[in-house]
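Secondary and tertiary structure notes
So you can see what is in the structure, the chains are spelled out below.
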Amino acid sequence: MQENFSLQPYNTFGVDANAKYFTEVSNTEELKAALSYSTSQSLPLLFLGGGSNILLTKDFDGLAIKLNLKGISEENFNDNEVFVTAKAGENWHKFVMYCLHKNYGGLENLSLIPGNVGTSPMQNIGAYGTEIKDIFVSCQVLDLEDLEVKTFNLEQCRFGYRDSIFKQEGKGRYVILEVTFKLTRKEHHVKTEYGAITSELKHLGIENPTIQDVSQAVINIRQSKLPDPKEIGNAGSFFKNPTIPLAQFEALQQKFENIQGYPNGDMVKVPAGWLIEQCGWKGKQIGNVASHKLQSLVIINATGKASGKEIFDFSTDIINSVKEKFGIELEREVNII
């Protein structure tokens, strides 16, 4: 247990904020011991995974617990499918690469997403036509109310767009310990419908892509558009893509002819990046914070010296300007601490 501990290395924004207490745990028993200490001292809790989806706006006056649970196991489900279970502390991209090395299909479109396995079900991470829910079997969690280990299946997780039970009524109650995915061993369903993947595969001269080819295409696309958190502080996409009623979208079309949207029944998903760019934020910098020059959906710690409050205020200015111009209120995807 360490006191007045800097969390700067533990969040991808690189914000320098301190935790009153800090500890790392590598198994469930160590986690329970840390929780027992927090209870005895009446300390609020902050659980840290890869630190890629949080914004620390101030010092944390409690116990920060770094979840460092590691390990990957496999169980053949049938001739074509395998269950692969990864502990919460496994790096997400390294886990994807592990599966691709074994020629297990299903995760390739989710390559190079920052963070750890344990946080992947929380917001049903997704990219390029795939979401966690598509290959999710179950996750093991520790219930903080009774310290019992429980299992959540696909239905119980209630996945939605960047959403799950862990961000709704289960928020703050459960700690995810491990996640199990059902992947294909040979009859792979390769998803290349997403326009950027099709273009990149064509650029690479690949006509019949393997799952490894799709992964490489996704990696190339992400590296060309998104800043590496190791080089410049960011948390990836800062905002969710808003979904609005079809009638509202059609009304906006009358005013903004080139507005982008993806219909789904009587609702339309509008790219947040497009809305932000139309409001003049792409590449714009205020003080230590900026919107990335290639992807306006990404807010960056431009100088490496930004405080969490500066980044939060910058995001508020974006939200206000988009709402003023389009009547759409953006929702932050990043967890604000």
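The sections below set out a description of the structure shown in this document. (Residues numbered from 1 in each chain as written. Predicted model: local features only at pLDDT ≥ 70, side-chain atom pairs only at ≥ 80, totals over all residues. Heavy atoms only, no water.)

With respect to the packing of helix H2 (residues 92-101) against helix H5 (residues 211-225)
The contact between H2 and H5 brings their axes to 10 Å, and the two run at 155°. With respect to H5, the axis of H2 lies roughly antiparallel. The handedness of the crossing between H2 and H5 comes out as left-handed. Across the interface between the two elements, His93, Met97 and Leu100 of H2 pack against Ile211, Gln212, Ser215 and Ile219 of H5. Broken down by class, the residue content of the contact of H2 with H5 amounts to four nonpolar, three polar and no charged. (Axes fitted to C-alpha atoms, helices over the stretch in contact; angles between N-to-C directions. Helix = DSSP H or I, 4+ residues; strand = E, 2+ residues; numbered from the N terminus. Parallel < 35°, antiparallel > 145°, perpendicular 65-115°, else oblique. Left-handed = near helix turned anticlockwise from the far one by under 90°. Contact = heavy atoms within 4.5 Å. Nonpolar A, V, L, I, M, F, W, Y, C, P; charged D, E, K, R; others polar.)

Side note on the packing of helix H4 (residues 195-203) against H5
Helix-helix packing: each pair is described by the crossing angle between the helix axes and the interaxial distance. Direction vectors running N to C along H4 and H5 enclose 105°, while the axes themselves pass 9 Å from each other. On the basis of the axis angle, H4 is roughly perpendicular to H5. Each of Ala196, Ile197, Glu200 and Leu201 in H4 lies in contact with H5, whose residues at this interface are Asp213, Val214, Ala217, Val218, Asn220 and Ile221. Considered class by class, the residues forming the contact of H4 with H5 number seven nonpolar, one polar and two charged.

What to know about the pattern of salt bridges
In this structure the tally under the stated criterion is 18 salt bridges. With its nearest N and O atoms 2.8 Å apart, the salt bridge here joins Arg173 to Asp143. Of this pair, Arg173 sits in the loop between helix H3 (154-157) and strand E12 (174-184) while Asp143 sits in strand E10 (residues 136-143), and the two are 30 residues apart along the sequence. Notably, a salt bridge pairs Asp313 with Lys309, separated by 2.7 Å at the nearest N-O pair. Taken as a pair, Asp313 and Lys309 lie in helix H8 (residues 308-326) at a separation of four residues, close to a single helical turn. (Salt bridge = Lys/Arg side-chain N within 4 Å of Asp/Glu carboxyl O.)

Some remarks on the nonpolar core
One finds Leu7, Phe239, Ile311, Ile318 and Leu330 to be the most contacted residues of the largest nonpolar core, which totals 43 residues. Listing elements by their share of this core, those giving two or more residues are strand E2 (18-25), strand E3 (45-48), strand E4 (54-55), strand E5 (60-67), helix H6 (246-255), helix H7 (272-278) and H8. Looking at this core element by element, the count peaks at six residues for H8. Residues in contact with Leu7, not counting those within four places in the same chain, are Val15, Ala17, Ala19, Phe22, Leu46, Leu48, Leu56 and Ala64. With 38 residues, the next largest nonpolar core counts Ala86, Tyr104, Leu201 and Ile221 among its residues. (Core = buried A, V, L, I, M, F, W, Y, C linked by side-chain atoms within 4.5 Å. Buried < 20%, exposed > 50% of the residue type's maximum accessible area, 1.4 Å probe, protein only.)

Considerations on the environment of Glu200
Inspection of the secondary structure assignment puts Glu200 in helix H4. Non-local contacts of Glu200, meaning those with residues more than four positions away in its chain, are made with Ala217, Asn220 and Ile221. Looking at Glu200, its side chain comes within polar contact range of the side chain of Asn220, at 3.0 Å. (Polar contact = N/O pair within 3.5 Å; in protein donor to acceptor, adjacent residues only side chain to side chain.)

Honestly, that's just the spatial picture; any functional story needs more than this.
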